[in-house]
Amino acid sequence: MSITVVRRTGLIGTILKMTIKINGERVAKIANGQKLEMVIPNNVVQICVTQSGVKSNTIEVKDGERVQIKSNKWSNRIYVLYYIIFITGLFTSNSLYKSIALLVILLLGFILLFIVNAFQLTILDDETTI
């Protein structure tokens, strides 16, 4: 019994590998662009991924299915906004603006960690090439 997992997350999180969890247990790590064949303990398992505290949705996967990991469009937008505010805050001399930027960065970090699934798992159909 096995499944195939492919990661296509683009620039978001490229530097770090993701941890794949099956039925809540950490079983493997996957890099961006990597395809991984994994042995599963049962015919049906629950799978999710995490990376530095951010998470994906959890889906049910059956023996022989193929799973794709992609970045969530909302998390991509939050990351872009996060870095724009961060860089702008670095180059400003106004302490009020720096304080506001820090608060917004903390709020966006909270949203990424606890509210939004930064990554989206989907089951690929038979016609999709990986």
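Everything numeric here is computed off the predicted structure, so don't read it as measured data.

**Student:** Tell me about the packing of helix 1 (residues 73-91) against helix 2 (residues 95-115), and please be specific about residues and values.
**Tutor:** As a packed pair, helix 1 and helix 2 sit with axes 9 Å apart at the nearest point and diverge in direction by 160 degrees. Comparing their axes, helix 2 and helix 1 come out roughly antiparallel. Relative to helix 2, helix 1 is oriented so that their crossing is left-handed. Residues Ser75, Ile78, Tyr79, Leu81, Tyr82, Ile85, Phe86, Thr88, Gly89 and Leu90 of helix 1 pack against Tyr97, Lys98, Ala101, Val104, Ile105, Leu108, Gly109, Ile111 and Leu112 of helix 2.

**Student:** How would you summarise the pairing of strand 5 (residues 44-51) if you had to cite specific residues and measurements?
**Tutor:** Taken across its 8 residues, strand 5 has 6 buried, putting it largely inside the fold. The pairing of strand 2 (residues 18-22) with strand 5 spans 4 bridges and is classified as antiparallel. Considered in strand 5, the bridge of Thr19 is made with Thr50. As paired strands, strand 5 and strand 7 (residues 59-62) are joined by 4 bridges and run antiparallel to one another. Paired with Ile47 across the two strands is Ile59, which belongs to strand 7. Across 2 bridges, the pairing between strand 5 and strand 6 (residues 54-55) is antiparallel. From the neighbouring strand, Thr50 faces strand 6, where its bridge partner is Lys55.

**Student:** Talk me through helix 2; I want residue IDs and the actual numbers.
**Tutor:** Counted at 1.5 Å a residue, the expected span for helix 2 with its 21 residues is 30 Å, and the 29 Å between its end C-alpha atoms agrees. Of the residues making up helix 2, those classed as buried are Ala101, Ile105, Leu108 and Leu112. The arc that holds the buried residues of helix 2, viewed along the axis, is 65 degrees, so those residues lie on one side. Projecting away from the buried face of helix 2 at angles above 90 degrees are the exposed residues Ser95, Leu96, Leu103, Leu106, Phe114 and Ile115. Those residues of helix 2 that are buried lie in contact with strand 6 and helix 1. Its side-chain oxygen placed 2.8 Å from the backbone nitrogen of Leu96, Asn94 serves as the N-cap of helix 2.

The rules behind these values
Residues numbered from 1 in each chain as written. Predicted model: local features only at pLDDT ≥ 70, side-chain atom pairs only at ≥ 80, totals over all residues. Heavy atoms only, no water. Axes fitted to C-alpha atoms, helices over the stretch in contact; angles between N-to-C directions. Helix = DSSP H or I, 4+ residues; strand = E, 2+ residues; numbered from the N terminus. Parallel < 35°, antiparallel > 145°, perpendicular 65-115°, else oblique. Left-handed = near helix turned anticlockwise from the far one by under 90°. Contact = heavy atoms within 4.5 Å. Buried < 20%, exposed > 50% of the residue type's maximum accessible area, 1.4 Å probe, protein only. Pairing = 2+ DSSP bridges. Expected span 1.5 Å × (residues − 1). Arc of directions from axis to C-beta. Polar contact = N/O pair within 3.5 Å; in protein donor to acceptor, adjacent residues only side chain to side chain.

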